[in-house]
Amino acid sequence: MSGRLRRAYGGLRLGTRLALSLGALSLVVFAVVGTALTTYMQNYLERQLGEQLKVVQVVQTKDASTHGTVRRQPYYGWYTAVFDVTGGSARLRRPSDAPADTRALTTLAEARARTDVELLRTVHIDGEGAYRLRACEVEPGVVLVSAAPMTGIEETVRRLVAVQAVVFALALLALVGFGRTMLRRGLQPLSDMAHTAHGIASHDLSDSAARLPLRADRPGGGPEIEELRTAFNTMLEHIDSSLAVRAEAEQRLRRFVADASHELRTPLMSVRGYADLFGYAAANEPEERERHLARLRAEAARMGVLLDDLLLLARLDEAEVPLRPADTDLGGLVEEAADAFRAGHPGHPLTASAGDVPVRLRVDPVRIRQVLDNLLTNAAVHTPEGTAVSVSLSATADTATVRITDAGPGIPAAERSRIFDRFYRVDKARSRDRGGSGLGLAVARALVAAHGGTVALAGEPGRTSFTITLPRAVGDR
């Protein structure tokens, strides 16, 4: 039974449980207050009755001394009796208005004869009910006992208890009802947040690109609720950010897989086609074999470069590329890259400015040269013949900067945020024979980042500039 009650209580809403707990606590408080008030009132009335007995006995003592007994009865239901006490026993004088059952009065008279203290006692007299007795000594050996009924006190106490029960019951009902209403209103922000949480739980999180539409934005509830609401909304913002990052990562992964598959399929199809042509030429046109074999080697080399770039990016993502830093003159690397560019792209006039003072850094010269070659090749591939290209080197106490600029058509502003993405091309229609795989800029940025530097893009129509910034601190290790 108790287990079912506990389960039923646990199934109630928090506001109802708090209201019931408040009611139970109030019931205990009311019981303690009612008991204390009733006890105090009963003791007070008994003291008052004792004082009345004392006043009455002053008059009765004179009657007992004058007439030998008490001749009058002060109140209805009151009794008085005079006892002669000798040898430890008490004898009632007659006539007397004592009740039929005088055992309690006699016992009190005998007790009073053995002490000098006035005695007050509450007893039950057969056929009469509860009485308050008071004994006093009239003269040596004579004891006067007065008895006052407790009926009035008991009735007063019963009425007091009844009034308290009614008042406390009404107060308890009002307290529970009003408290439940106030608690429900005070806990409403929690209910709102619970409703928001249920809405989020039912939201399709697979649609991670969509922002969670719910927030706990209803005001009120006090500082504690406000702190909880702020933490709750902050958590939702973090969830939104995480979902957006996940969506972007999934989108980039899907795009990367699709682009990688496409890039690899193209040379593989070329290899297959030239292999078929090579087999045909070997049987029918021997003079064509060398040309087809050269094309086979070129497509295989192209696929190998693509795979090498993919492997390099994967290792850079995992920070597994072993750089081989050495004391290097960055100006010398710029001059070497410029000479190689002039030889490979004679249709693009190049201006190189490396400065007269060596700029020494401790970097991996092979990887930095790869970065320079990628950026210079990018300028040649994506600009028409005759476009001027320039490369310049500058240095400060903290950084070294290489800037590669071309006077080509420029990169549209809408495309610049994705220019370093893998397999991304500004000109979607450009052939792969001329446009490359779309990995050069991604590789360049990753290699510079591995050296603690950055690659930035700036441009406008008629001008595109890539700026490589490397920290000079790298050279101080």
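To start, this report covers the structure provided alongside it. It should be emphasised that the depicted structure is a prediction, and the values quoted were computed from it without experimental measurement.

## A word on empty space enclosed by the protein
Okay, step 1: Tallied over the full model, the rule gives one cavity of 30 Å³ or more.
Okay, step 2: Approximately 40 Å³ is the volume attributed to the largest cavity.
Okay, step 3: Taken together, Leu330, Ile368, Val371, Leu372, Val402, Val448, Ile468 and Leu470 form the lining of the largest cavity.
Okay, step 4: Those elements that provide at least two residues to the lining of the largest cavity are helix 9 (365-381) and strand 12 (463-471).
Okay, step 5: The greatest single-element share of the lining of the largest cavity, amounting to three residues, is contributed by helix 9.

## Brief notes about helix 3 (residues 103-113)
Okay, step 1: Three or more residues of helix 3 are buried, namely Leu105, Thr106, Leu108, Ala109, Ala111 and Arg112.
Okay, step 2: Tucked into the core, helix 3 has its buried residues touching strand 1 (79-86), strand 2 (89-92), strand 3 (119-125), strand 4 (129-139) and strand 5 (142-149).

## Here we look at the pattern of salt bridges
Okay, step 1: Enumeration according to the criterion identifies ten salt bridges in this entry.
Okay, step 2: The closest approach of N and O atoms between Asp327 and Arg362, which form a salt bridge, is 3.6 Å. Of this pair, Asp327 sits in strand 6 (residues 326-329) while Arg362 sits in strand 8 (residues 360-363), and the two are 35 residues apart along the sequence.
Okay, step 3: The exposure class of Asp327 is exposed, given its relative accessible area of 53%.
Okay, step 4: Its salt-bridge partner being Glu336, residue Arg369 comes within 3.5 Å of it at the nearest N-O pair. Within this pair, whereas Arg369 is found in helix 9, its partner Glu336 is found in helix 8 (residues 330-344), the two being separated by 33 residues in sequence.

## Here we look at the pairing of strand 9 (residues 389-395)
Okay, step 1: Bridge count for strand 7 (residues 350-353) against strand 9 is four bridges, and the pairing is parallel. Within the sheet, the bridge partner assigned to Ala352 lies in strand 9 and is Val391.
Okay, step 2: Two successive antiparallel strands, strand 9 and strand 10 (residues 399-406), enclose a turn made up of three residues.

## Some thoughts on the sheet that holds strand 12
Okay, step 1: Overall, mixed pairing links the five strands, which are arranged 7-9-10-12-11 in an open sheet. Only two strands of the sheet have a single neighbouring strand rather than two, namely strand 7 and strand 11 (454-460). Pairs of neighbouring strands in the sheet enclose a mean axial angle of 15°, with direction left out of account.
Okay, step 2: Summarising the sheet, strand 11 and strand 12 pair through seven bridges and their orientation is antiparallel. The partner of Ala456 across the bridge, within strand 12, is Thr467.

## Things to note about the sheet that holds strand 1
Strands pair in a sheet through their backbones, by hydrogen bonds, and they do so in one of two ways: parallel or antiparallel.
Okay, step 1: Strands sit in the order 2-1-5-4-3 across an open sheet of five strands; the sheet is antiparallel. Edge strands, defined here as strands with exactly one partner in the open sheet, are strand 2 and strand 3. Averaged over all adjacent pairs, the angle separating strand axes in this sheet is 35°, with direction ignored.
Okay, step 2: Inspection of the sheet shows strand 4 paired to strand 5 by eight bridges, in the antiparallel sense. Note on strand 5: the bridge partner recorded for Arg132 is Ala148.

Reading the values: rules and limits
- Residues numbered from 1 in each chain as written.
- Predicted model: local features only at pLDDT ≥ 70, side-chain atom pairs only at ≥ 80, totals over all residues.
- Heavy atoms only, no water.
- 1 Å grid on protein atoms, 1.4 Å probe; cavity = no way out; pocket = protein on both sides within 12 Å on 5 of 7 lines; lining within 4 Å.
- Points joined across faces, edges and corners; volume = space filled by probe spheres on them.
- Helix = DSSP H or I, 4+ residues; strand = E, 2+ residues; numbered from the N terminus.
- Buried < 20%, exposed > 50% of the residue type's maximum accessible area, 1.4 Å probe, protein only.
- Contact = heavy atoms within 4.5 Å.
- Salt bridge = Lys/Arg side-chain N within 4 Å of Asp/Glu carboxyl O.
- Pairing = 2+ DSSP bridges.
- Axes fitted to C-alpha atoms, helices over the stretch in contact; angles between N-to-C directions.

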